[in-house]
Amino acid sequence: MPGTAPAAAPGAVLFACGMNAVRSPMAAAMLAQLFPGRVYVKSCGVRAGEPDPFVEAVMSEIGCDLARHRPKTFEDLDESGFDLVVTLAPEAHHKALEMTRTDAVEVEYWPTPDPTLATGSREQILGAYRGVRDGLMGRIKKRFGWAATPAG
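As a starting point, this report considers the structure included with it. Since the model is a prediction, treat every value here as computed from it, not as a measurement. (Residues numbered from 1 in each chain as written. Predicted model: local features only at pLDDT ≥ 70, side-chain atom pairs only at ≥ 80, totals over all residues. Heavy atoms only, no water.)

Let's talk about the packing of helix α1 (residues 23-34) against helix α4 (residues 122-143)
Just so we agree on the cut-off: Comment: axis = line fitted to C-alpha atoms, over the contacting stretch for helices; angle = value between 0 and 180 degrees taken between N-to-C directions. We count a stretch as a helix when DSSP gives it H or I for four or more residues in a row; a strand needs E for two or more, and each element gets its number in order from the N terminus. What sets the label is the angle itself: under 35 degrees gives roughly parallel, over 145 gives roughly antiparallel, 65 to 115 gives roughly perpendicular, and the rest give oblique. Two helices cross in a left-handed way if the nearer one is turned anticlockwise from the farther one by less than a right angle. They cross in a right-handed way if the turn is clockwise. We call two residues in contact when some of their heavy atoms are within 4.5 Å. Residues are grouped as follows: Ala, Val, Leu, Ile, Met, Phe, Trp, Tyr, Cys and Pro are nonpolar; Asp, Glu, Lys and Arg are charged; all remaining types, including Gly, are polar.
For the pair α1 and α4, interaxial distance at closest approach is 10 Å and the crossing angle is 45°. Between α1 and α4, the crossing angle belongs to the class labelled oblique. Both α1 and α4 take part in a crossing whose hand is right-handed. Contacts from R23, M26, A27, M30, L31, Q33 and L34 in α1 reach Y129, V132, R133, L136, M137, I140 and K141 in α4. For the contact of α1 with α4, the residue count by class is ten nonpolar, one polar and three charged.

Okay, structure coming up:
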């Protein structure tokens, strides 16, 4: 249906954050889950972090398996030619803007809290991760024009 998507649907999307351990892999997995086979999606960070067990836990709750995700940097990417880079942290945004010097790429900044800063009980920390996950899910659905299909 023409005009239903808020913006043109890009064919290749890169999500980027600080360490590619929490926010960007979450977003990439959710976009891939919502649009299977329709969008090429990758994620990276300014620096490579370590896999985060809280990410694995909250993503498995929505059917996304990130157990095999290994954080990588912009420099580790084997590809280029992304239509859109969505940055989720200020340092990643600066790095992505450098890409626009040599590549025709659109860059969007989605300020996203860092749930690794959460303190408290395990359940409180998981709550912070779920909040980031759910916020990203809503933003992805809106930006890429996702609509639920009728069951049956």
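Thoughts on the pairing of strand β3 (residues 84-87)
Our working rule: Note on classification: 1.4 Å probe, protein chains only; a residue is buried when its accessible area is under 20% of the maximum for its type, exposed when over 50%, partly exposed between these limits. In short, DSSP must find at least two bridges between two strands for them to pair. Classification remark: right-handed applies to a crossover when, strands pointing away from the viewer, the course from the first strand over the helix to the second runs clockwise.
A two-sided burial pattern is seen for β3, the buried positions comprising L84 and V86 on one face and V85 and T87 on the other. As judged from the four bridges shared by strand β1 (residues 12-17) and β3, these two strands associate in the parallel manner. Each bridged residue has a counterpart across the sheet, and for F15 the counterpart in β3 is V86. The pairing of β3 with strand β4 (residues 106-109) spans four bridges and is parallel. Paired with L84 across the two strands is E106, which belongs to β4. Between β3 and its parallel partner β4, the chain crosses via helix α3 (residues 90-99), and the hand of that crossover is right-handed.

Considering the sheet that holds β3
Here we have four strands laid out as an open sheet, ordered β2-β1-β3-β4, and parallel in their pairing. Edge positions in the sheet fall to β2 (40-45) and β4, since each of these pairs with one other strand and no more. With direction set aside, neighbouring strand axes in the sheet form an average angle of 20°.

Focus on α3
To keep things clear, this is the line we draw: It is the directions from the helix axis to the C-beta atoms whose arc is reported.
All of the buried residues in α3 are A92, H93, A96 and M99. Down the axis of α3, the buried set is contained in an arc of 100°. They therefore lie on one face. At its buried positions, α3 is contacted by β1, β3 and β4.

Points about the environment of H93
Relative to the helices and strands, H93 resides in helix α3. Of the residues examined, H93 reaches a relative accessible area of 17% and is grouped as buried. C-alpha of H93 to C-alpha of A12: the two residues are 81 residues apart in sequence and 17 Å apart in space.

Focus: the side chain of S24
Within the secondary structure, S24 sits in helix α1. Those residues in contact with S24 that sit more than four places away from it in its chain are F15, A16, C17, S43, C44 and L88.

Things to note about unusual backbone geometry
Of note, N20 is a non-glycine position whose phi angle comes to about 55°, a positive value. The residue N20 is located in the loop between β1 and α1 in this model. Assessed through its relative accessible area of 0%, N20 is described here as buried.

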